[in-house]
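Next come the chains, spelled out residue by residue.
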Amino acid sequence: MRDALCSDLPAAHMGLGATVVVLIVVTSFSGPRWTLIVAGALTASFLLALAVIHIGSGRGWDAARRADTATFGWDNWI
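Keep in mind it's a predicted model, so treat the numbers as computed, not measured.

**Focus on the overall build of the protein chain**
Tallying secondary structure elements over the protein chain gives four helices and zero strands in all. When the helices and strands of the protein chain are read in sequence order from the N terminus, they spell out α-α-α-α. Each of the 78 residues in the protein chain was classed as buried or not, and the buried ones make up 27%. Long-range contacts, defined here as pairs at least 24 residues apart, represent 63% of the contacts in the protein chain between residues at least 6 apart. By element, 73% of the accessible surface of the protein chain is carried by carbon and sulfur atoms, the whole surface being about 5,400 Å².

Spelled out as structure tokens, the structure:
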């Protein structure tokens, strides 16, 4: 988790892009059911990270940027 939080915003956007591509592939093979489940789980993860960061010290766009990095910053590991 610490490595994901240390990643930067472009890596988070690349992770989001990779997630969208994977969701499109999942939709083409298994239909919308699993896509909605995975997208819902990622949305819940983002909202949980946003709530925790907002409760801490983050406000406004800074909180959204940090939650985006926490949720999709795993692209540095690819």
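**Side note on the side chain of Thr-19**
Within the element layout of this structure, Thr-19 appears in helix H2 (residues 9-30). Sequence-distant contacts of Thr-19, defined by excluding residues within four places in its chain, comprise Leu-42, Phe-72 and Trp-74.

**A closer look at a nonpolar patch on the surface**
On the surface, Leu-16, Val-20 and Ile-24 cluster together to form a nonpolar patch covering roughly 240 Å² of accessible area. Looking at where Leu-16 falls in the secondary structure, it is placed in helix H2. What makes Leu-16 partly exposed here is its relative accessible area of 33%.

**Notes on helix H4 (residues 60-72)**
Its 13 residues give H4 an end-to-end C-alpha distance of 19 Å, which sits within 8% of 18 Å, the value for a rise of 1.5 Å per residue. For H4, the full list of buried residues reads Ala-63, Ala-67, Asp-68, Thr-69, Ala-70, Thr-71 and Phe-72.

**A look at the packing of H2 against H4**
Where H2 meets H4, the closest approach of the two axes is 8 Å, and the angle between their N-to-C directions is 55°. With respect to H4, the element H2 is oriented oblique. The interaxial crossing formed by H2 with H4 has left-handed handedness. Residues Leu-9, Ala-11, Ala-12, His-13, Gly-15, Leu-16 and Thr-19 of H2 lie in contact with H4, whose contacting residues are Arg-65, Asp-68, Thr-69 and Phe-72. Counted by class, the contact of H2 with H4 contains five nonpolar, four polar and two charged residues.

What counts, and at which threshold
In every chain, residue numbers begin from 1 and rise along the written sequence. The model is predicted, so local features are restricted to residues of pLDDT at least 70 and side-chain atom pairs to those at 80 or more, both for listing and for counting; the totals for chains, interfaces and linings are taken over all residues. To obtain the side-chain values, all non-hydrogen atoms of the structure were included, while hydrogens and water were left out. Here a strand is any run of E in DSSP of at least two residues, a helix any run of H or I of at least four, and the numbering for each starts at the N terminus. Three exposure classes are used, based on accessible area relative to the maximum for each residue type with a 1.4 Å probe and protein chains only: buried under 20%, partly exposed in between, and exposed over 50%. Any two residues whose heavy atoms approach within 4.5 Å are treated as being in contact. Each accessible area value is a Shrake-Rupley result obtained with a 1.4 Å probe; residue values ignore everything except the protein chains displayed when judging cover. Patches here: salt-bridge-free residues with over 30% relative accessible area, like charges joined within 9 Å, nonpolar side chains (Val, Leu, Ile, Met, Phe, Trp, Tyr) joined within 5 Å. Take a side-chain nitrogen of Lys or Arg and a carboxyl oxygen of Asp or Glu: if they are within 4 Å of each other, that pair is a salt bridge. Each helix should span, by expectation, one fewer than its residue count multiplied by 1.5 Å. Convention adopted: a line fitted to C-alpha atoms gives each axis, helices being fitted over their contacting stretch, and angles between N-to-C directions are expressed from 0 to 180 degrees. Oblique is the label for any angle not under 35 degrees, not over 145, and not in the 65 to 115 range, which are roughly parallel, roughly antiparallel and roughly perpendicular in turn. Should the near helix be turned anticlockwise from the far one by less than a right angle, the crossing is termed left-handed; should it be turned clockwise, right-handed. Throughout this entry, Asp, Glu, Lys and Arg are counted as charged residues, while Ala, Val, Leu, Ile, Met, Phe, Trp, Tyr, Cys and Pro are counted as nonpolar. The remaining residues, Gly among them, count as polar.

Everything listed is a geometric property; what it means functionally is a separate question.
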